[in-house]
Amino acid sequence: MTLLLGAIADDFTGATDLANNLVRGGMRCLQVIGVPQEAVDLRDIDAVVVALKSRSCPVQDAVADSLAALEWLRAQGARQLFFKYCSTFDSTDEGNIGPVADVLLEALGASQTVMVPAFPVNGRTVYQGHLFVGDRLLNDSGMQHHPLNPMQDADLVRVLSRQTPHAVGLASRQVLANGAEATGAHLSSLAEQGIRHVICDTLDEQDLDVLAEATVLLPLITGGSGLGQALPAQYRAQGWLATIAEPGRLASAAGGALVLSGSCSRATLAQVADFLAKHPDGGFALDPLSLSEGDKQWEQALAFALQRLSLQAPTLIYASADPDNVKAAQAALGVAQAGHLVETALSQLAVTLVNEGVGRLLVAGGETSGAVVSALGITTLRIGEQIDPGVPWTQTPWPGREAPLSLALKSGNFGGVDFFTRAFEVLA
Ligand SMILES: Nc1ncnc2c1ncn2[C@@H]1O[C@H](COP(=O)(O)OP(=O)(O)O)[C@@H](O)[C@H]1O
Ligand SMILES: O=C(O)[C@@H](O)C(=O)COP(=O)(O)O
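Residues numbered from 1 in each chain as written. Chains lettered and ligands numbered in written order. Predicted model: local features only at pLDDT ≥ 70, side-chain atom pairs only at ≥ 80, totals over all residues. Heavy atoms only, no water.

As recorded by an unreviewed UniProt entry, the protein carries the name 3-oxo-tetronate kinase and is attributed to Vreelandella lutescens. Quoted verbatim from the Sequence similarities (unreviewed entry) field of UniProt, the annotation for the protein is "Belongs to the four-carbon acid sugar kinase family." As stated in UniProt under Function (unreviewed entry), the record for the protein gives "Catalyzes the ATP-dependent phosphorylation of 3-oxo-tetronate to 3-oxo-tetronate 4-phosphate." (UniProt positions renumbered as here; feature names shortened; annotations may be inferred.)

### Side note on the site of ligand 1
Lining the immediate surroundings of ligand 1 are 18 residues, of which Ser263, Ser265, Glu343, Glu367 and Thr368 lie closest. Ser265 has a polar side-chain atom sitting 2.5 Å from an oxygen atom of ligand 1. The contact in question runs from an oxygen atom of ligand 1 to an N or O atom on the side chain of Glu343, over 2.5 Å. When isolated, ligand 1 has an accessible area of 570 Å², and the protein chains bury 83% of it. Mapped onto the shell around ligand 1, the elements with two or more residues apiece are α12 (323–333), α13 (335–355) and α14 (366–375). With four residues, α13 is the largest single contributor of residues to the shell around ligand 1. (Near = heavy atom within 4 Å. Polar contact = N/O pair within 3.5 Å; in protein donor to acceptor, adjacent residues only side chain to side chain. Areas by Shrake-Rupley, 256 points an atom, 1.4 Å probe, with all protein chains shown as cover. Helix = DSSP H or I, 4+ residues; strand = E, 2+ residues; numbered from the N terminus.)

### Quick word on the layout of surface pockets
As a volume, the second largest pocket reaches approximately 300 Å³. Sorting the residues of the lining of the second largest pocket by element identifies β16 (380–388) and β17 (391–396) as the ones contributing at least two each. Here the lining of the second largest pocket gathers at least three residues from each of two domains, domain 1 (5–237) and domain 2 (256–425). (1 Å grid on protein atoms, 1.4 Å probe; cavity = no way out; pocket = protein on both sides within 12 Å on 5 of 7 lines; lining within 4 Å. Points joined across faces, edges and corners; volume = space filled by probe spheres on them. Domains from an automatic or database assignment.)

### Remarks on empty space enclosed by the protein
For the structure shown, the criterion picks out one cavity of 30 Å³ or more. Within this model, the largest cavity holds a volume of roughly 40 Å³. Every residue lining the largest cavity is listed: Asp10, Ser54, Arg55, Phe83, Tyr85, Asp90, Ser91, Asn96, Ile97 and Val100. For the lining of the largest cavity, the residue count by class is four nonpolar, three polar and three charged. (Nonpolar A, V, L, I, M, F, W, Y, C, P; charged D, E, K, R; others polar.)

### Section: the packing of aromatic side chains
Counting across every chain of the model gives six aromatic pairs. Their ring planes at 45° and their centres at 5.6 Å tell us that Phe284 and Phe304 sit as a pair that is tilted. One end of the pair, Phe284, is in strand β13 (residues 283–285); the other, Phe304, is in helix α11 (residues 296–310), with 20 residues separating them in the sequence. Here the two residues Phe284 and Phe304 agree in accessibility, since each one is buried. Directly above the aromatic system of Phe12 lies the positively charged group of Lys53, at a separation of 5.7 Å from the ring centroid. Taking NZ or CZ as reference, Arg79 lies 4.1 Å from the ring centre of Trp240, over its face. (Phe/Tyr/Trp six-rings, centres within 6.5 Å; stacked < 30°, edge-to-face > 60°. Buried < 20%, exposed > 50% of the residue type's maximum accessible area, 1.4 Å probe, protein only. Lys NZ or Arg CZ within 6 Å of the ring centre and 35° of its normal.)

### Some remarks on the UniProt feature "domain: Four-carbon acid sugar kinase nucleotide binding" (unreviewed entry) in the protein
Mapped onto the present numbering, the UniProt feature "domain: Four-carbon acid sugar kinase nucleotide binding" (unreviewed entry) falls at residues 258–420. The span residues 258–420 carries 47% helix and 24% strand; its end-to-end C-alpha distance comes to 9 Å.

### Quick word on the pairing of strand β1 (residues 5–9)
With five of its five residues buried, β1 lies for the most part within the structure. In this structure, β1 lies alongside strand β4 (residues 80–84), joined through five bridges in parallel fashion. Residue pairing across strands places Ile8 opposite Phe83, the latter belonging to β4. (Pairing = 2+ DSSP bridges.)

Set out below in structure tokens:
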């Protein structure tokens, strides 16, 4: 069995997002957390996504971790490599997208890659190299206020040019409109001019199909998860991928249901409100100021969850708060300490409650998911069916239990308003 695609994702929820789209396209997909230290069984797997935490770390760490992931994926025989970053191109002028793409190209001996961040179904599109979120330019979409990677320029050719010494080019919509062959010829002519990175316009799924066809033979492609959905059809057209029935088939789920939310994004706040409206007694709010005073609030949250679980009632523990409350906590404790307190509290609840019988766990927030998955010591996630665009159920074997642990990692901005209740309804 050949491993067709090896992906390197710069965060955990982003990795799951890409894996979800590969499964939807018809590939059997495994997500590994960090570079595996032990052998991984890839016998019935077509694509592997290595989830790193390299989006906001120092550039030298992002480069080293990405190269280690590349080496591991090549050792597994991956035919094509994919560097996955955020559909809103989250990065600073110092890195990390440009430097990571540069070292991956160099390590592969490749002369060019494409940059395709778009995810049209979630409103991320690119036109004339400018990234839009819905009908707003990136720098007017709320992302200009992002605490770690404020995105203040929507012109991706300009943004990427600040991150790499190499020339950056554009494959515009006008080129894509002429089809995959013309797009491929455009990329070749840019490569002849020494252009290593090509930002690609994308308005819709059809553009993604054109881009996937034009780049199927490139050693390295980069982008958001949208391109991932278009790739499997190209692999099939090359004769590399068989038609697989139910590539996202998971085992039956079992065990208590729990939502842990550390995301303060707009979409998550609406999901918390919707859950509380449906289950007025089902939620427990944590706040960093109380957590900083000792264990009392954490113990209350644990007791609350244990009682709800014994009644088999839906349970939500959340630190999600509106911007004023977040700012107040950050002003009192510092941004890092406020986040750390919440992430520690939620991840320790996850560890205790999974040991107490939780078998279906939904985590909201990218950083929060990273903390929870790491605390649980999870090393692999098999990717199942999509709940909403960008968010699938996943499963990992759990020692001492017949049924695996089912886990959904939700990126802050993803998911419909009823996500926290519907997610459990769609899980068999
Ligand atoms: N009430 C709060 N006050 C301050 N920080 C918070 C609060 N609740 C959550 N946080 C922190 O905010 C960050 C949210 O990031 P993340 O989990 O990545 O969510 P998203 O995917 O929405 O960005 C985490 O570090 C979390 O611990
Ligand atoms: O591409 C995307 O938008 C997502 O896959 C993603 O990376 C989101 O990041 P977080 O909001 O930090 O989870």
